[in-house]
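# Remarks on the overall topology
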Amino acid sequence: MDCSDLRRQAAQMKKCLFDQGYLDEQFYQLEDLQDDVSPNFVEEVVTLFFKDSSRLFSNIEQALQKNSPDFQKLDSHIHQFRGSISSIGALRVKNESTLLREYCKKENLDGCLKTFQKMKREHAILKQKMDDYFQLLRQIGTAEDATRPII
Amino acid sequence: MAAAGGGEGERVMHVLAVDDSSVDRAVIARLLRNFKHRVTTVESGVQALEMLGLEPNVNMIITDYWMPEMTGFELLKRIKESKDLKRIPVVIMSSENVPTRISMCMKEGAEDFILKPVQQSDVSRVCSRIMR
């Protein structure tokens, strides 16, 4: 597959991420910040997000323990998570976090548990899609380097 | 207030960015560096005060509101109570649009309040005002 095919594939992948509601326009803001000085900025920030989120998930899980749920702590963890979610434009994950916060405010443990599972699923799907997308971008980079004329 | 530096005619600030989210620290630092400012990032209000104790010559502080241990509001209060630090403009960021929170911060001496996710236009506006 040549560079132009790979680029078309990447563009199509990105379009799907937006069309299917995985990402919102905040992702474009991240792309705008990427340049020659920070050529991998978007991937770096998204990687940070997925690294942070595993820690935040375990905090949320702790707060949701059936014997003694701590809704105040839970609210604090969700709030913390929402900041990062918004910053990368992870729309579906953000929507689930909004629902989770509403259940948390009502102290509805069942609702919290179900919504948290859904949030984790959306998060996992997004991670896979972003991994695939960045892998393709790296392939494009490698293909472009290979075809660059040696001066 | 702004230190001279960068290109010809460019004014460069040293900005201290405070946020417990590594994602948001990366984004705000990138936004500020886009405008050629020098950025130091820390993850808490406590670390911010430690850093300011060692290097008080910061031109602007931009801090998240909601942080564990010390909120951005508490950090703002500590800065405005300090004779060495009170001159430093403090900008608060929050992902929630809570009017009472905003007016509380402005009353306490915040320079501006930015809603997250922070945009280039927010940083441009705030930095231009402070450098005037």
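An account of the accompanying structure is given in this report. All values reported here derive from a predicted model rather than from experimental measurement.

This brings us to the pairing of strand S3 (residues 14–18) of chain B. All names here are of chain B. Burial within S3 is extensive, with 5 of its 5 residues counted as buried. Of the pairings in the sheet, the one linking S3 to strand S4 (residues 38–42) comprises 5 bridges and is parallel in character. Note that in S4 the partner of Val18 across the bridge is Val42. For the segment spanning S3, helix H1 (residues 22–34) and S4, crossover handedness is right-handed. One ladder, built from 4 bridges, connects S3 with strand S5 (residues 60–64); its direction is parallel. Within the sheet, the bridge partner assigned to Leu16 lies in S5 and is Ile61.

Attention shifts here to the layout of surface pockets. All names here are of chain A. Taken as a whole, the largest pocket spans an internal volume of roughly 420 Å³. Every residue lining the largest pocket is counted, 19 residues in all, and those nearest its centre are Gln34, Pro39, Leu137, Arg138 and Gly141. Those elements that place two or more of their residues in the lining of the largest pocket are helix H1 (3–19), helix H2 (26–32), helix H3 (41–63) and helix H6 (109–147). If you tally residues by element for the lining of the largest pocket, the top one is H6, at 8 residues. In terms of residue class, the lining of the largest pocket is built from 9 nonpolar, 3 polar and 7 charged.

So, about the side chain of Glu96 of chain B. Among the secondary structure elements, Glu96 of chain B is positioned in the loop between strand S6 (90–94) and helix H4 (99–107). On the basis of relative accessible area, Glu96 of chain B is assigned to the buried category, the value being 19%. In terms of polar contacts, Glu96 of chain B uses its side chain to reach the side chain of Arg101 of chain A, at 2.6 Å. In contact with Glu96 of chain B, other than residues within four places in its own chain, are His79 and Arg101 of chain A together with Arg101, Phe113 and Leu115 of chain B.

This part is about the interface of chain A and chain B. With 20 residues of chain A at the interface, the matching set in chain B holds 17 residues. Roughly 1700 Å² is buried in total at the junction of chain A and chain B, and carbon and sulfur atoms are behind 54% of that figure. Our enumeration of links across chain A and chain B arrives at 2 salt bridges. Arg30 of chain B is paired through a salt bridge with Asp35 of chain A; the nearest N and O atoms lie 2.7 Å apart. Summed over the shared surface of chain A and chain B, the result is 10 residue pairs in polar contact (both at pLDDT 80 or more). Elements represented by at least two residues in the side of chain A that touches chain B include exactly H2, H3 and helix H4 (71–88) of chain A. Per-element accounting of the side of chain A that touches chain B gives the leading share, 8 residues, to H4 of chain A.

Cut-offs used in this document
- Residues numbered from 1 in each chain as written.
- Chains lettered and ligands numbered in written order.
- Predicted model: local features only at pLDDT ≥ 70, side-chain atom pairs only at ≥ 80, totals over all residues.
- Heavy atoms only, no water.
- Buried < 20%, exposed > 50% of the residue type's maximum accessible area, 1.4 Å probe, protein only.
- Helix = DSSP H or I, 4+ residues; strand = E, 2+ residues; numbered from the N terminus.
- Pairing = 2+ DSSP bridges.
- Right-handed = clockwise from strand over helix to strand, strands pointing away.
- 1 Å grid on protein atoms, 1.4 Å probe; cavity = no way out; pocket = protein on both sides within 12 Å on 5 of 7 lines; lining within 4 Å.
- Points joined across faces, edges and corners; volume = space filled by probe spheres on them.
- Nonpolar A, V, L, I, M, F, W, Y, C, P; charged D, E, K, R; others polar.
- Polar contact = N/O pair within 3.5 Å; in protein donor to acceptor, adjacent residues only side chain to side chain.
- Contact = heavy atoms within 4.5 Å.
- Buried area = accessible area lost by both parts, 1.4 Å probe.
- Salt bridge = Lys/Arg side-chain N within 4 Å of Asp/Glu carboxyl O.

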